[in-house]
Amino acid sequence: MLPGVYPPIVRNVIYPVYRGLRGDKLISILEELEKSQWLSREAMEELQWRRVEQYLQQITTHVPYYRELFEREGLRVENIQNPSDFRRIPLLAKDDIREAKDRIVTKDPMRRGDASNTGGSTGEPLYFFADAASSVPRRANTLRGMRWTGIDIGDRQAVIWGFHLDRPFRERFTSGVKDYFSNIRYVSSFDMSEEAMERYARMMKRFKPALLLGYPSAVSQFAEFCKARRVTGIKPRAAMSSGEKMFPHQAELMRDVFGCPVFDRYGSNEFATIAQECDRHEGLHVFNDMIFVEVIHESGRPAQSGEVGEIVVTDLLNLYMPFLRYRTGDLAVPTLRKCSCGRGLPLLDRIEGRTFDAVVTPEGKAVGGFFWTYLSRVVPGIKQFQIEQRERTGVIFRIVPGPEWKEESKHELERKIKENMGSAFGVSFEVVGEIPLTRAGKFRFISSKLGERLVVKSKIHKAKVTGETKGRLDCIIVDEDLLALSNVAPFERVLLVDNTNGARVDTFVVKGKKGSGAIVVSGAVTHHVHTGDEIIIMAFTWSEETSGFFKNILVDGDNRFVRFLTEVHGDTT
């Protein structure tokens, strides 16, 4: 690995020359932002509102979607004179953007957009355009936040982030050159194996980053590794959490292992940095000279100080594809407190996570991440955990066991959960080797599927039952070839619909002899489905997990594959 560049050379030579060649005004914008942040809260709100008025005038003039929306709702820009009037504008959801298509893109010929996308925590992508003119002020805003942590342009940074290791060579080479002269080293949160973290530790000991930044789940996992292996020599001046909700125990671990202050930052692909802690750690300052942020209570009114609400963002920088009162799906707690640092930027008391980062009881009680992380710490031996909720009646508690894990600990966990959630609340435990990351390389402690639908993933049509067995296992045994063609995994739960007698049986699949055409029912399934019956075999998944893998196959009287009934990308038969 090449050594890092001397930070003052980057700060005073390389960076100014680079910005000069680009012909932008990033340095002057940064200086302006650093001055305006000290305005009083009242002066800051007045400045922000003037920008909101200009923004509304622009988008209702040049963007068909908003022109039509205002006409439909009977709204006029000149009548929106304060935040109360502003809240008459309907909220914008991801589905609204998808349905609007190019009608939500400006027709102003002077504006240019850059294609981007976000998967968020659900992995469901949203494709959008960022205003090309917004990249420089967004970058300046990020640098402003960095300076709050004591980190300046050119200081060495190590970043643990979600990117794939198999990127094209040209992309890796271009990024590598840019990162080298920016004094940034990236490592992938997709690979947090012991071997990978050994490499990361060796790199950081040589590189000596001033800042360690990344997903809190990944940075805290790396901190745990360093603590267990007694790795020394990694002493950044600051650590920063971004991309996920940071829990108190993660911040405590990072402070303990790396011996530096830990800062929380909240942002998104759509808007870059939205809010961040300063060195007083009294809440997250909202960058309202860039964006207009509301926190909306579930009742639809603004959340009061101390109440949980959903973060709704209006991006004042994106006039190419405007996000007006956009629902982020993230939860936060606003506060009227003023930070002792003296900045006029308002505060969020804390970020609560995603709207689905809570477990809900049948009575409607919502229990967020703090309870579950606390629970995982008071019971020894839990290396990693995940809570999945599919019904309000209970959860699945997945555990990656550590050396101290004991099976009887399940009883203690169940007792504590029922004490908090109610005696009728169900808990089932799964002890697993690992818990997969999201497609963005993040880790979800709570995976709620309450808002999703159970959808058909796989179908085998007109299959004929070739035999019955009175074995002890209640299942259906299916030719391995048919399982592969229909995307059904061995031991997956399936529904059998008997076209001959109308029976519907819930069971699971066992792999049969490859190429045999055998479909054999076993155990209690034989009470309802018999040899010679024509059946449909269906497997299901949650709507979040669908990604183009639906298979719908037709077989003949000998259970031989005939054709796909639904066209699937990549199928050639």
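Here goes a summary of the coordinates provided. (Residues numbered from 1 in each chain as written. Predicted model: local features only at pLDDT ≥ 70, side-chain atom pairs only at ≥ 80, totals over all residues. Heavy atoms only, no water.)

Concerning the side chain of asparagine 183
One can find asparagine 183 in the loop between helix H8 (169-182) and strand E4 (184-188). We classify asparagine 183 as buried; its relative accessible area is 0%. If we skip the residues at most four places from it in the chain, asparagine 183 touches Gly4, Val5, Tyr6, Pro7, Val10, Gly154, Asp155, Arg156, Gln157 and Phe207. (Helix = DSSP H or I, 4+ residues; strand = E, 2+ residues; numbered from the N terminus. Buried < 20%, exposed > 50% of the residue type's maximum accessible area, 1.4 Å probe, protein only. Contact = heavy atoms within 4.5 Å.)

With respect to the pairing of strand E7 (residues 262-268)
Of all 7 residues in E7, 5 are buried, a share of seventy percent or more. As paired elements, strand E6 (residues 238-241) and E7 share 3 bridges and run parallel to each other. Each residue of the ladder has a partner; that of serine 241, found in E7, is aspartate 264. Of the strand pairs in this sheet, E7 and strand E8 (residues 272-277) are connected by 4 bridges, and their pairing is antiparallel. Paired with arginine 265 across the two strands is glutamine 276, which belongs to E8. Connecting the antiparallel pair E7 and E8 is a turn made up of 3 residues. (Pairing = 2+ DSSP bridges.)

A word on unusual backbone geometry
Here the phi dihedral of asparagine 487 falls at roughly 60°; this positive angle occurs in a residue that is not glycine. Using a relative accessible area of 29% as the deciding quantity, one classes asparagine 487 as partly exposed. A positive phi is found at phenylalanine 491, a non-glycine position, where the angle reads about 70°. Secondary-structure assignment places phenylalanine 491 in the loop between helix H14 (480-486) and strand E23 (493-498).

Examining the packing of aromatic side chains
Under the definition given, this model contains 18 aromatic pairs. With a centroid separation of 5.2 Å and an interplanar angle of 65°, the aromatic rings of phenylalanine 561 and phenylalanine 564 are classed as edge-to-face. Overall, the relative accessible area of 26% leaves phenylalanine 561 in the partly exposed class. Aromatic rings pair up to connect Phe128, Phe271, Phe323 and Tyr326 into one cluster. (Phe/Tyr/Trp six-rings, centres within 6.5 Å; stacked < 30°, edge-to-face > 60°.)

Looking at the sheet that holds strand E17 (residues 394-401)
Strand order in the open sheet formed by 4 strands is E18-E17-E16-E19, and the pairing between neighbours is mixed. At either end of the open sheet lies a strand with only one pairing partner, and these are strand E18 (426-431) and strand E19 (446-448). Mean inter-strand twist for the sheet, computed between neighbouring axes without regard to direction, equals 20°. The sheet contact formed by E17 and E18 spans 6 bridges and is parallel. Across the sheet, isoleucine 399 pairs through a bridge with valine 431, a residue of E18. (Axes fitted to C-alpha atoms, helices over the stretch in contact; angles between N-to-C directions.)

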